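Letter by letter, the chains look like this.
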Amino acid sequence: MSRLLSLQSVSHSFGMKTLFQGLTFSIEENERIGLIGPNGAGKSTLLKIIAGNIEADSGDRIVPKGLRIGFLEQSPLVKEGTIREAILENTPLEDWEAAQRAEIWISKLGLDQWGAEFKVKDLSGGWKKRVALARELLIEPELLLLDEPTNHLDIAGVMWLEEFLRTAPFSVVTITHDRLFLNRVSNRIMDLNPRYEDGFFNVSGNYSSYLKAFEEFVVAQEKKEETLKNTLRRETEWLRQGAKARTTKQKARIERAEALGETVQQLTQRNRISHTSFEFQSGVKNPKRLIEVKDLKKQYGNQVIFEGVHLTIQPGSRIGLLGNNGAGKSTLLKVLLGKEPPSSGSVFLSDLLKVAYFDQHKEDLYDELTIEEVLSPQGDHVVFQGRSIHVRSYMDRFLFGKHQANFKVNKLSGGEKSRLWIARLMLQEANVLVLDEPTNDLDLATLNVLEDCLKEFSGAVLLVSHDRYFLDQISDQILAFPEEGDTDRHLTSYADFSQWEENLKKKQENFKAPPSPDKKQKKQNKKKKLGFNETRELATMEERILALESELEGLTTESTLPENLSNAKRLLEMTDRMAELQSQIDQLYQRWSDLESGDF
């Protein structure tokens, strides 16, 4: 492989905080790097240094002249005007080839449903992100940098991006905490974290490979710490009991013991992991029925948003809402919570219903406030679980140091903001949690803690998320929203989601340029007749798929058992087998489709 870019001994600080120091690594051709790490480790800053947007405090960035680098920032700025103008923002007006490529990307990214002359200011955040992505792809990058690209994308958009990046003819560095995305796209994982001696942990392979390597690393580090502590203990005892250090040999031994003590202290510090502490308040009565709807329908004018929805929400319910942007998830939530009336059907809300609602899109009002003011606007104490706690002690549960109390919200990273909103939400007593994209920007360690917290919550959880792995861990029911025009909403177990996802892939016409009529006609003319072997294969296809899906469903259920969740080795084996089964199922569905269409 040919080297694209290198960083040598790069260090950078933000204010008084050192983000990273002495980083040295290279990016090669055809690499798909997943950049992970705790919130505040400096991932976004590192990406800006790689892009050349900012300079490191020290160290060297070695890049060949003329290397084309595309950079999709976490919250990209998009030029006002039309979609076409925004995509061509960095391209000379007389570049007709670029204008033609712009039309191709407008089609591939589904922007043609709005039209090239549609105003960018009228697009949602997810669609603006697609415009920004088209702008970066227009330069035909050799290296594409993506900072949380799946945030605000719907499920179809995420799936399209996965497939696109897997086969892209350029290298990619992606900051994301979507574990399924990392597993499907990455061939290298970089974990940026000061706990590592080199400042990062580098693993060849996808996220599953990283988990195995990380487990082995932790065990090795703990053994190393224990061994060095025992050695230090023996040296310390010798120094206490031995003669005074008069000889050169004895002085050298004392110096070695002092150096060993510093090494042990650094290793202990690196091995210590701080975790956010989540615990939602459910100190209210839980009636048997919190919310119940029957034959629910909602429409605006002649447009039916959903209909035929039957749903009972009880304490312990874990319901995931999944579908494309604009499919009606937010509207359904408003009807379920009594914020909007249904067009028909009945809605029952318990008199004891108390709802805590997480919605990142409405938090901009707090940008000029400090962390302390957001959590405790009327004093220096908060009431949590019936106890009065000083706000700075409460902040500590969410890894906010006392020195950050007066930090303004607009200075926080995306992950730190998410932690802050969850901290504020936890101060509310509730028996129903409504979480709209709570995983955006959270690091992997915090996601794991949030998952455990939601599983233990005694009330009900309504979860809107495009993080499929997170949905898998939390939900025991999925309310799936099919494509536009199909009003058959259905409840399903998560084991059925893979089938739903496969069907959705086939319907993603708005993410692919439709073939011309001539190509369609040629394809129809080339349709083959099934031979004996193909007919026999087609006859057994459904049975084979059902057998694999049955095994996958069993493993999915088994993987959630407490004895397996606490057994990392067994859990990894099961995860690998589940990924293998899913791959086989996907291949069989594709083969089935090819046989039926005569395209084999």
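Preceding block: the structure.
First things first, this report covers the structure right here in the doc. (Residues numbered from 1 in each chain as written. Predicted model: local features only at pLDDT ≥ 70, side-chain atom pairs only at ≥ 80, totals over all residues. Heavy atoms only, no water.)

1. Some details on helix 1 (residues 43–51)
No. 1: The buried fraction of helix 1 amounts to seven of the nine residues, a majority that puts the element mostly inside the structure.
No. 2: Of all the residues in helix 1, the buried ones are Lys43, Thr45, Leu46, Leu47, Ile49, Ile50 and Ala51.
No. 3: Note on helix 1: the residue one or two positions beyond its end, Gly52, has a positive phi of about 85 degrees. (Buried < 20%, exposed > 50% of the residue type's maximum accessible area, 1.4 Å probe, protein only. Helix = DSSP H or I, 4+ residues; strand = E, 2+ residues; numbered from the N terminus.)

2. Looking at the side chain of Arg188
No. 1: Mapped onto the elements, Arg188 comes out in strand 8 (residues 188–192).
No. 2: The residues contacting Arg188, other than those within four sequence positions of it, are Phe25, Ser26, Ile27, Glu31, Arg32, Ile33, Gly34, Asn202, Val203, Ser204 and Gly205. (Contact = heavy atoms within 4.5 Å.)

3. Examining the sheet that holds strand 10 (residues 291–300)
No. 1: Strand order in the open sheet formed by three strands is 11-10-13, with antiparallel pairing between adjacent strands. Pairing within the sheet leaves two strands with one partner each, and these edge strands are strand 11 (303–313) and strand 13 (344–349). Adjacent strand axes in the sheet meet at a mean angle of 25 degrees when their direction is disregarded.
No. 2: Across the sheet, helix 9 (residues 329–336) is in contact with strand 10, strand 11 and strand 13; its angle to strand 10 comes to roughly 130 degrees. (Pairing = 2+ DSSP bridges. Axes fitted to C-alpha atoms, helices over the stretch in contact; angles between N-to-C directions.)

4. Concerning the packing of aromatic side chains
No. 1: For the coordinates displayed, the defined rule picks out 11 aromatic pairs.
No. 2: Ring geometry for Phe25 versus Phe200: centroids 5.8 Å apart, planes at 70 degrees, classification edge-to-face. Taken together, the residues Phe25 in strand 2 (residues 17–28) and Phe200 in strand 9 (residues 200–204) connect sequence positions 175 residues apart.
No. 3: Every member of this aromatic cluster is reached through a ring pair, and the members are Tyr196, Phe201, Tyr207, Tyr210 and Phe214.
No. 4: In this structure, Lys108 packs its charged tip against the face of Trp105, placed 5.1 Å from the ring centre.
No. 5: The positively charged end of Arg289 is found above the aromatic ring belonging to Phe348, 3.9 Å away from the centroid. (Phe/Tyr/Trp six-rings, centres within 6.5 Å; stacked < 30°, edge-to-face > 60°. Lys NZ or Arg CZ within 6 Å of the ring centre and 35° of its normal.)

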